[in-house]
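# Structural features, examined
Listed below are the residues making up each chain.
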Amino acid sequence: MALSGLQIFKLLAKTNCKECGFPTCMAFAMQLAAGKAELDQCPYVSDEAKAALGEASAPPVRKVTVGAGDLAVTVGEETVMYRHEKRFENMPGLGVLITEDMDDAQVSSLLGTLKEQQFNYVGRTLRPRVAAIKAADAGRLAALAAKADAESGAALVLMHDDAAALKAAAEPLKDKKPLLYAATEANFDAVAAVAKELDVPFAIKADTLGALADLGQKALDMDFKEVVLDPSSATLGDVLQDQTLIRRAAIKKTFRALGFPTIGFPCLMTDDRLLEIVYASVFITKYAGIVILSDLDPARTLPLLYLGQNIYTDPQKPMQMDQGVYPINDPTADSPILVTTNFSLTYFTVSSEVEASKVPAWLVIMDVEGQSVLTAWAAGKFVADAIAPFLKKSGIEEKAPHKKIIIPGYVAQISGELEEELGDGWEVQVGVREAADIPKFLRQWSAN
Ligand code: SF4
């Protein structure tokens, strides 16, 4: 049972030391009760209080991990309805459905793609991670699960109505934490018993949110923590409504029976491949934890992974690179030096164009708290009297002593002042405004 703010307050140190980021222990207790603060923000919680606060301090949407190793998927642990309130924590796991009517070559091909497919996006690796195995024949389910594990290492969702079939498939792989799908009103006790025995997560599925909440409460009463919800949404409108109501109940009402991450199967909701992507987009945008597709065509997985990545980045932390000197294409002492900011998108756009130019170059990245060139200039962070001392300390002079630097075209206006600040024979050249023009610019620079 969740504790009230006052009950939590009674267990705190009550020193109002503010180290948790809140002005008083009472303020912290109220935020903790609302799921908007985390217990470890207070360094003075005793072990006894931690034990007592365990349930109250659990996030309103519990954390569930499916799989083990590199492709494990952690979902849930969410505390807000809207990303701008704080941030979304765990990006949905994307996966593919494997069924018993596929032949061995088809299955191996899908698993090979699952193992190999990955995309680099502003310094992060995005990839599908889940194989959902569906087979009416219990033996085939177990064989496909073993094959999926051996050939891909993916996080597994094992789909069957019969608890014995789920147990047979999951038992040899129990250390890989497969998700049992699904416990319903008809088989709840049997599936829950398998989940308990094997210590693996399981999904609950019902046709109405009321019935789903009843099963969720049953799971809580049996002390299960790793549960995934499937509200059986049938239409796009249902997806939007069900996912929103589940999240709202968990976050706004701290309704623990629905305080679990969800799973969605766009692959089973339509035969129209384009519509399937629309369904998947809505699942990703509206809170789903795991989303299963009918294939892993990169033209479909790439935009969905980008969508998830964009929604699940922390809006309070610009994505940024470490400050420093980055060599591209094996530069020498005579190679051009480009200077720009540490906004990740700026870095990756510029570095990929420099790389494409095949011209060896030094890219000097200045820490401006992850802002883009114009924003950092407007904020007074990417200006002459900040860039000059940074360049002198950056170590670029030892690597390329020619003292010619190229600044982004968008800050052409600082070139004179920067040259003055640098003094000592430095020459500031104005580069291009658009990254796409970098290759041509660099080739001309090298030819001169
Ligand atoms: S850090 Fe702990 S003791 Fe200090 S104000 Fe916050 S809740 Fe109270």
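### Some words on the overall build of the chain
- A count of helical and extended segments in the chain gives 17 helices and 17 strands.
- Its C-alpha atoms give the chain principal-axis dimensions of about 80 × 65 × 40 Å.
- In the chain, buried positions account for 43% of the 448 residues.
- Taking the intrachain contacts of the chain between residues at least 6 apart in sequence as the baseline, contacts between residues at least 24 apart amount to 66%.

### Details of the site of the ligand
- Around the ligand lies a shell of 13 residues, among which A13, C17, C20, C25 and C42 are the nearest.
- The class makeup of the residues in the shell around the ligand is nine nonpolar, two polar and two charged.

### Quick look at the sheet that holds strand β13 (residues 324-328)
- Strand order in the open sheet made by the five strands is β13-β15-β14-β16-β17, with mixed pairing throughout. With one partner strand each, in any of the chains shown, β13 and β17 (427-430) form the two edges of the open sheet. Going from strand to strand, the sheet's axes swing by 30° on average, the running direction of each strand aside.
- Here helix α16 (residues 415-422) sits on the sheet and contacts β16 (404-407) and β17; the angle it forms with β17, its principal contact strand, is near 160°.

### Concerning the nonpolar core
- In this structure, A131, I133, L156, L158 and L180 are the most contacted members of the largest nonpolar core, which totals 84 residues.
- If you tally residues by element for this core, the top one is helix α10 (residues 273-285), at six residues.
- Those residues in contact with A131 that lie beyond four places of it in its chain are G95, V96, I98, L111, L114, A148, S152, A154 and L156.
- Residues V354, F382, I387 and I396 belong to the second largest nonpolar core, which totals 36 residues.

### Brief notes about the domain arrangement of the chain
- Once the domains are mapped, the chain shows domain 1 (5-47), domain 2 (64-312) and domain 3 (324-447).
- If you average the C-alpha positions of domain 1 and of domain 3, the two centres end up 46 Å apart.

### What about the sheet that holds strand β12 (residues 290-293)?
- Reading across from one edge, β10-β9-β8-β7-β6-β3-β12-β11 is the order of the eight strands in this open sheet, with parallel pairing throughout. Either end of the sheet is taken by a strand with one partner, and the two such strands are β10 (227-230) and β11 (263-264).

### Overview of the pairing of β16
- Here strand β14 (residues 337-341) pairs with β16 via two bridges, running parallel. Looking at the pairing, I337 lines up with I405 of β16.
- Taken together, the four bridges between β16 and β17 define a ladder with parallel strand orientation. Bridged to I405 within β17 is V428.
- Read from β16 through α16 to β17, the crossover connection turns out right-handed.

Definitions and cut-offs
- Residues numbered from 1 in each chain as written.
- Predicted model: local features only at pLDDT ≥ 70, side-chain atom pairs only at ≥ 80, totals over all residues.
- Helix = DSSP H or I, 4+ residues; strand = E, 2+ residues; numbered from the N terminus.
- Buried ≥ 20, exposed ≤ 12 C-beta atoms within 10 Å, placed from the backbone.
- Contact = placed C-beta atoms within 7 Å.
- Near = placed C-beta within 6 Å.
- Nonpolar A, V, L, I, M, F, W, Y, C, P; charged D, E, K, R; others polar.
- Pairing = 2+ DSSP bridges.
- Axes fitted to C-alpha atoms, helices over the stretch in contact; angles between N-to-C directions.
- Core = buried A, V, L, I, M, F, W, Y, C linked by C-beta atoms within 7 Å.
- Domains from an automatic or database assignment.
- Right-handed = clockwise from strand over helix to strand, strands pointing away.

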